[in-house]
Amino acid sequence: MGFLLWLLMGLIVGSLAGFLMKSSYPWYVDILLGIVGSAVGGWLTSIFLGVDLTTGFNLTTLIVSLLGAVLVIGIARMFTGRRSPV
């Protein structure tokens, strides 16, 4: 995936993951965690499945990136102790 598409996917995924996890982080932190989560999700699927599922801007890439972003936000919450304001 090209660098700009990778950033765009991180923006979309970070926003979605922040919404799904009811994140109390600022929007730019959600986006950064989404970008990191996209990379983590692609890396983990290539290790566990042996296939690169992040080969373009498609639904499979979105799902893998979203799962990675949710994982990264969960790990960030464990280390910072931040919860949703609800």
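For the structure, see preceding data.
Since this is a predicted model, take the numbers as computed values, not measurements.

Q: What is the right way to read the overall build of the protein from this model?
A: Along the backbone of the protein there are three helices and zero strands. Across the protein, helices and strands are ordered from the amino to the carboxyl terminus as α-α-α. Taking 2.2 N^0.38 as the reference for a compact globule, 86 residues should give roughly 12 Å; the C-alpha atoms of the protein span a radius of gyration of 12 Å, in line with that estimate. Taken along its principal axes, the extent of the C-alpha atoms in the protein is 35 × 25 × 15 Å.

Q: Just checking my understanding: could you explain helix α2 (residues 27-49) for this structure?
A: Residues separated by three or four positions in an α-helix point in the same direction, a consequence of the helix having 3.6 residues per turn. The end-to-end C-alpha separation of α2 is 32 Å, in line with the 33 Å expected for 23 residues at 1.5 Å each. In the core, the buried residues of α2 are packed alongside α1 (3-20) and α3 (59-80). Downstream of α2 by a residue or two, Gly-50 has a phi angle that is positive, lying close to 75°.

Q: I would appreciate a short explanation of the side chain of Ser-65 in the present structure.
A: Secondary-structure assignment places Ser-65 in helix α3. In contact with Ser-65, other than residues within four places in its own chain, are Met-9, Val-13, Gly-37 and Ser-38.

Q: Would you explain the packing of α1 against α2 in this entry?
A: To describe two helices that pack against each other, one gives the angle between their axes and the distance between the axes. Where α1 contacts α2, the two axes come as close as 7 Å, and the packing angle between them is 115°. In this view, α1 runs roughly perpendicular relative to α2, as classed from their interaxial angle. Between α1 and α2 lies a crossing whose hand is right-handed. The residues of α2 that touch α1, namely those facing Trp-6, Leu-7, Met-9, Gly-10, Leu-11, Val-13, Gly-14, Ser-15 and Gly-18, are Asp-30, Ile-31, Gly-34, Ile-35, Ser-38 and Ala-39.

Q: Would you mind showing me how to read the packing of α2 against α3 here?
A: Between α2 and α3, whose axes approach to 6 Å, the crossing angle comes to 115°. Here α2 runs over α3; the crossing is right-handed. Every residue of α3 that contacts α2 at Asp-30, Leu-33, Gly-34, Val-36, Gly-37, Ser-38, Val-40, Gly-41, Gly-42, Leu-44 and Thr-45 is listed here: Val-64, Ser-65, Gly-68, Ala-69, Leu-71, Val-72, Ile-73 and Ala-76. A per-class count over the contact of α2 with α3 returns 10 nonpolar, eight polar and one charged.

Q: What exactly am I supposed to notice about the nonpolar core here?
A: Where a protein is soluble and globular, its nonpolar side chains tend to be buried together. Judged by nonpolar contacts, Met-9, Val-13, Ala-17, Tyr-25, Leu-33, Leu-66, Ala-69, Val-72, Ile-73 and Ala-76 together constitute the single largest core of 10 residues. For this core, the secondary structure elements donating two or more residues are α1 and α3. With five residues, α3 is the largest single contributor of residues to this core. Excluding residues that lie within four positions of it along the chain, Leu-66 makes contacts with Val-13, Leu-16, Ala-17 and Leu-20.

Analysis parameters
- Residues numbered from 1 in each chain as written.
- Predicted model: local features only at pLDDT ≥ 70, side-chain atom pairs only at ≥ 80, totals over all residues.
- Heavy atoms only, no water.
- Helix = DSSP H or I, 4+ residues; strand = E, 2+ residues; numbered from the N terminus.
- Rg over C-alpha atoms; globule rule 2.2 N^0.38 Å.
- Expected span 1.5 Å × (residues − 1).
- Contact = heavy atoms within 4.5 Å.
- Axes fitted to C-alpha atoms, helices over the stretch in contact; angles between N-to-C directions.
- Parallel < 35°, antiparallel > 145°, perpendicular 65-115°, else oblique.
- Left-handed = near helix turned anticlockwise from the far one by under 90°.
- Nonpolar A, V, L, I, M, F, W, Y, C, P; charged D, E, K, R; others polar.
- Core = buried A, V, L, I, M, F, W, Y, C linked by side-chain atoms within 4.5 Å.
- Buried < 20%, exposed > 50% of the residue type's maximum accessible area, 1.4 Å probe, protein only.

Any functional reading would require information beyond the geometric quantities listed.
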